[in-house]
Structure formats: structure tokens, C-alpha cells
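Residue-level structure breakdown
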Amino acid sequence: MRKVRIAQIGINTNSHGAPVFQSLKRNSEHFEIVGYALPENERERLAWQLPMLGEEYPELTLEQILNDPTIEAVTVETDEVNLTKYALMAVRAGKHIHMEKPGGVSLQAFEELIAEVKARGNVFHTGYMYRYNP
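Residues numbered from 1 in each chain as written. Predicted model: local features only at pLDDT ≥ 70, side-chain atom pairs only at ≥ 80, totals over all residues. Heavy atoms only, no water.

1. Concerning the side chain of Gln-49
By secondary structure assignment, the location of Gln-49 is in the loop between helix 2 (42–45) and helix 3 (50–53). When its relative accessible area of 1% is taken as the criterion, Gln-49 is described as buried. At a separation of 2.9 Å, a polar atom in the side chain of Gln-49 contacts the main-chain carbonyl oxygen of Asn-12. (Helix = DSSP H or I, 4+ residues; strand = E, 2+ residues; numbered from the N terminus. Buried < 20%, exposed > 50% of the residue type's maximum accessible area, 1.4 Å probe, protein only. Polar contact = N/O pair within 3.5 Å; in protein donor to acceptor, adjacent residues only side chain to side chain.)

So, in C-alpha cells, the structure goes:
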């Protein structure tokens, strides 16, 4: 089976960002991790989380991720206020996305994102938890 080339945009304060990245690493039979970008001063603000990303993957710029046609998918794991902005950028760059919950802070922006996903035929997946599910 062919691996999906994937990158991550962001980590966040209440983070599932590092654990999502760890999940990608554990599922290396399905994903080829290209690297990650840390917008919004996340490198400085959330330095304590960087070891969870690991040193084996390069830190890329947002532009490198968005402009690389070989990267098929991205996980968007920034702070809630920025989720929809970066997810929309990724979709417009032709990427399939996994986006952390919630769907941002603006219903209108989220609806714009979903309309764009549908119009382009991209895959959209959002973080969800089955709390207390055995």
C-alpha cells in the first residue's frame, strides 16, 4: 500500500498537536511524515512541546508545506482561533486535512471551509473523542 505524504501545521496550548504527530509516527506503514510548521510563534510559545515532535523530522515553513505538490495531506493543530485559517489555506493548496476540534471560532469561516472542501473534493477529518468509550 502506498503511504500518504503528510505534514503538520502547528501545535497548540491545550494540545492534541504533539499526540496527533505521535499517532502519525506510530502509523508509519500508512504515513510518510514530511515535517511540520510552527506558525503563530508556536516555537517560542510552546517550546516545552517540541521534544514530542522529535528531531527526526524537519521544521518547514508554512509555504514549503502548502507549495509542495507531493504533500497530499496536513494535520492542522494550531490554537483554536487559527484552526480554520490554516485549514482553509491547506485546502486551497489542494491538501486533504485533519483539523483539530473545534471548527474554529467563527461559524461563517467554518462553513466557508466546508464549502471549499466539498467544491474541491478534498477529504476533511476533524478530531473527535469517544470519552469513556470502552
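2. Details of the pattern of salt bridges
One pass over the full model with this rule turns up 10 salt bridges. Between Arg-2 and Glu-72 there is a salt bridge, with its nearest N and O atoms 2.9 Å apart. Taken together, the positions of Arg-2 in the segment before strand 1 (4–9) and Glu-72 in the loop between helix 4 (62–67) and strand 3 (73–76) put the pair 70 residues apart, joining distant regions of the chain. When its relative accessible area of 59% is taken as the criterion, Arg-2 is described as exposed. You can call Glu-72 partly exposed: its relative accessible area is 22%. (Salt bridge = Lys/Arg side-chain N within 4 Å of Asp/Glu carboxyl O.)

3. Things to note about helix 5 (residues 80–92)
Those residues of helix 5 lying buried are Asn-82, Leu-83, Thr-84, Tyr-86, Ala-87, Leu-88, Ala-90 and Val-91. Taken together, the buried residues of helix 5 touch strand 1, helix 4, strand 3, strand 4 (96–99) and helix 6 (107–120). (Contact = heavy atoms within 4.5 Å.)

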